[in-house]
Amino acid sequence: MLIETNNEEKPAVSAKANTVVPKPQAKKRVFSGVQPTGNIHLGNYLGAIRNWVNAQAEFDNIFCIVDLHAITLPIDPKELHTNTRKLAALYLACGLDTHYCKLFVQSHVHQHAEMSWILNCFTPMGWLNRMTQFKSKAESDLDSVDTGLYCYPVLMACDILLYQTHYVPVGDDQRQHLELTRDIAQRFNSTYKQNVFTIPEAQIREMGARIMSLDDPTKKMSKSESNPNSRISLLDDPKTIKQKVARATTDSQRLIAFDPERPGITNLLTIYQTLTRQSQQEIEQEFAGKGYGDFKAALTERLVEALTPIQQRYNELISDLPTLESILKQGADEVRPIAEATLQQVKQVIGLLQYPQNGS
Ligand code: AMP
Ligand code: TRP
């Protein structure tokens, strides 16, 4: 049995005619999250958060600040605390609306950690050994890296499965984690011959799913890269944006064209395309006969145009911490019962609660 988690369950009865009004189609559930580590960058925005904002009215959304994931690598406690609030402010500044979305901090809903232990016991090590993100983050230091980093994808699976999620909008780098989530859910359901978990689907948009580093366009733009010039932070001021774009790696050719053999210019063009929503052809025409300087100036302008309003809203939100805290508390209070219902069902089927006596 699937747990019905939508509020729009019961058909409404019209008082006037005393007839049953057909119930609206329940919205599909969306869940996603970002780690409160470092500066949130353009890749996070174009690959994930902006897509959440654009589709928010269509879905029943839950967005999380995944602080338990952030402790899988060393992080200063004060930084973790402030980054969590900053990320909440950024979610709202980017346009997430609490009318459509529940926003919360992962550690405020203890069911994530509890479910994580349970699903660790249902995940073969062989599956985790295949995770490429673990391998790159562990940097071959397998003996000293903490087991939390190894089990990170299981916690992510719990985040998603606790809410009976249909769609998970993420960037391309999370594809493998989503496959693992589906495998864990399917294995659990088939072991107990019950549809305890909804099988989620990754929602990876074609455009912006993989924004590359500005200094090494063969690597993805990342929060953990030591060179700050490799990424545009959502909070970079216009001068910094201009400098970073000016320094971004291109090549010695003149033509401004999308070309997989030329990752530097292609990455900048992709960013431009994602911001302007023009076709590749339109962009190539716009810059035909022009130089990298002209293109970089136009790209800078588009970036400043996109990020300035976000920064203005962010500054207002971050200066009112009590309101931010109360939004996060309300979000956690709203999602907790949904998570608890799934956790109870899992405990029931695996025999941690009283076993049904009627033989069912
Ligand atoms: P993280 O920075 O790992 O917490 O990622 C948060 C979200 O941003 C996830 O959905 C990622 O897939 C997405 N993301 C991170 N880096 C990039 C990137 N360079 N390009 C596109 N999406 C990204
Ligand atoms: N692992 C994701 C990342 O680094 C963050 C994350 C944690 C997440 N739990 C999630 C994303 C659940 C989507 C759904 O980007």
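Preceding this paragraph is the structure being described.
Colleague: Which parts of the structure should I look at to understand the pairing of strand 5 (residues 101-105)?
Modeller: Successive residues of a regular strand alternate their side chains across the two faces of the sheet. Within strand 5, five of the five residues are buried, which leaves the element mostly enclosed by the surrounding structure. Residues C101, L103 and V105 of strand 5 are buried on one face, and the alternating residues K102 and F104, pointing to the opposite face, are buried as well. Note that strand 4 (residues 60-65) and strand 5 share five bridges and pair parallel. Looking at strand 5, one finds that F63 is bridged to L103.

Colleague: Which parts of the structure should I look at to understand the packing of helix 3 (residues 77-93) against helix 12 (residues 292-318)?
Modeller: Working note: a packed helix pair is described by the angle between its axes plus the distance between those axes. Contact geometry of helix 3 with helix 12 gives a least axis separation of 8 Å together with a crossing angle of 130°. What the angle tells us is that helix 3 and helix 12 run oblique. Crossing geometry of helix 3 relative to helix 12 is assigned as right-handed. Where helix 3 abuts helix 12, its residues R85, K86, A89, L90, L92 and A93 lie against I310, R313, Y314, L317 and I318. Class assignment of the residues belonging to the contact of helix 3 with helix 12 gives a composition of eight nonpolar, no polar and three charged.

Colleague: Could you clarify how one ought to interpret the site of ligand 1 in this entry?
Modeller: In the neighbourhood of ligand 1, 18 residues make up the surrounding shell, with G171, D173, I211, M221 and K223 lying closest. K223 places a side-chain nitrogen or oxygen 2.9 Å from an oxygen atom of ligand 1. In isolation ligand 1 has 480 Å² of accessible area, and contact with the protein removes 94% of it. The greatest single-element share of the shell around ligand 1, amounting to four residues, is contributed by helix 1 (residues 42-55). By residue class, the composition of the shell around ligand 1 is six nonpolar, eight polar and four charged.

Colleague: Help me understand the pattern of salt bridges, please; the structure alone is not making it clear to me.
Modeller: Note that side chains of opposite charge can pair when their charged atoms are close. Scanning the model with the defined rule gives 13 salt bridges in all. Residue R29 pairs with D60 through a salt bridge whose shortest N-O separation is 2.6 Å. Within this pair, whereas R29 is found in strand 3 (residues 29-34), its partner D60 is found in strand 4, the two being separated by 31 residues in sequence. Of the two residues, R29 and D60, neither departs from the other in class, the shared state being buried. D333 is the partner of R336 in a salt bridge, and the nearest nitrogen-oxygen pair spans 2.9 Å. With R336 and D333 both in helix 13 (residues 321-350), this residue pair falls three residues apart, about one helical turn. Of the residues examined, R336 reaches a relative accessible area of 26% and is grouped as partly exposed. Residue class for D333 comes out partly exposed when judged on its relative accessible area of 35%.

Colleague: For this particular structure, what's the right way to read the site of ligand 2?
Modeller: Around ligand 2 lies a shell of 13 residues, among which Q35, Y152, M156, D159 and Q174 are the nearest. Here an oxygen atom of ligand 2 sits 3.2 Å away from a polar atom, N or O, in the side chain of Q35. Protein burial of ligand 2: of its 360 Å² of free accessible surface, 91% is covered by the chains. With four residues, the single largest contributor to the shell around ligand 2 is helix 7 (residues 147-161). Split into classes, the residues belonging to the shell around ligand 2 amount to seven nonpolar, five polar and one charged.

Colleague: Explain helix 8 (residues 175-192) to me, please; I cannot follow it from the model alone.
Modeller: Note on helix geometry: an α-helix contains 3.6 residues per turn, so any two residues three or four positions apart are oriented the same way. Taking 1.5 Å per residue as the helical rise, helix 8 with its 18 residues ought to reach 26 Å, and the 26 Å between its terminal C-alpha atoms agrees with that figure. Listed in full, the buried residues belonging to helix 8 are H177, L178, L180, T181, I184, A185, F188 and N189. What you see down the axis of helix 8 is that its buried residues fit within an arc of 165°, all on one side.

Colleague: Is there a simple way to explain the packing of aromatic side chains in this structure?
Modeller: Two aromatic rings, taken as a pair, are described by how far apart their centres are and by the angle between their planes. Applying the stated criterion across every chain, the model contains 14 aromatic pairs. A centroid spacing of 5.1 Å and a plane angle of 80° characterise the contact between F287 and F295, whose relative ring orientation is edge-to-face. Pair check on accessibility: F287 and F295 agree, each one buried. By way of ring pairs, the aromatic residues F122, F188, Y192 and F197 are connected into one cluster. R187 extends its terminal NZ or CZ atom over the ring of W127, reaching a point 5.4 Å from the ring centre.

The rules behind each value
- Residues numbered from 1 in each chain as written.
- Chains lettered and ligands numbered in written order.
- Predicted model: local features only at pLDDT ≥ 70, side-chain atom pairs only at ≥ 80, totals over all residues.
- Heavy atoms only, no water.
- Buried < 20%, exposed > 50% of the residue type's maximum accessible area, 1.4 Å probe, protein only.
- Helix = DSSP H or I, 4+ residues; strand = E, 2+ residues; numbered from the N terminus.
- Pairing = 2+ DSSP bridges.
- Axes fitted to C-alpha atoms, helices over the stretch in contact; angles between N-to-C directions.
- Parallel < 35°, antiparallel > 145°, perpendicular 65-115°, else oblique.
- Left-handed = near helix turned anticlockwise from the far one by under 90°.
- Contact = heavy atoms within 4.5 Å.
- Nonpolar A, V, L, I, M, F, W, Y, C, P; charged D, E, K, R; others polar.
- Near = heavy atom within 4 Å.
- Polar contact = N/O pair within 3.5 Å; in protein donor to acceptor, adjacent residues only side chain to side chain.
- Areas by Shrake-Rupley, 256 points an atom, 1.4 Å probe, with all protein chains shown as cover.
- Salt bridge = Lys/Arg side-chain N within 4 Å of Asp/Glu carboxyl O.
- Expected span 1.5 Å × (residues − 1).
- Arc of directions from axis to C-beta.
- Phe/Tyr/Trp six-rings, centres within 6.5 Å; stacked < 30°, edge-to-face > 60°.
- Lys NZ or Arg CZ within 6 Å of the ring centre and 35° of its normal.

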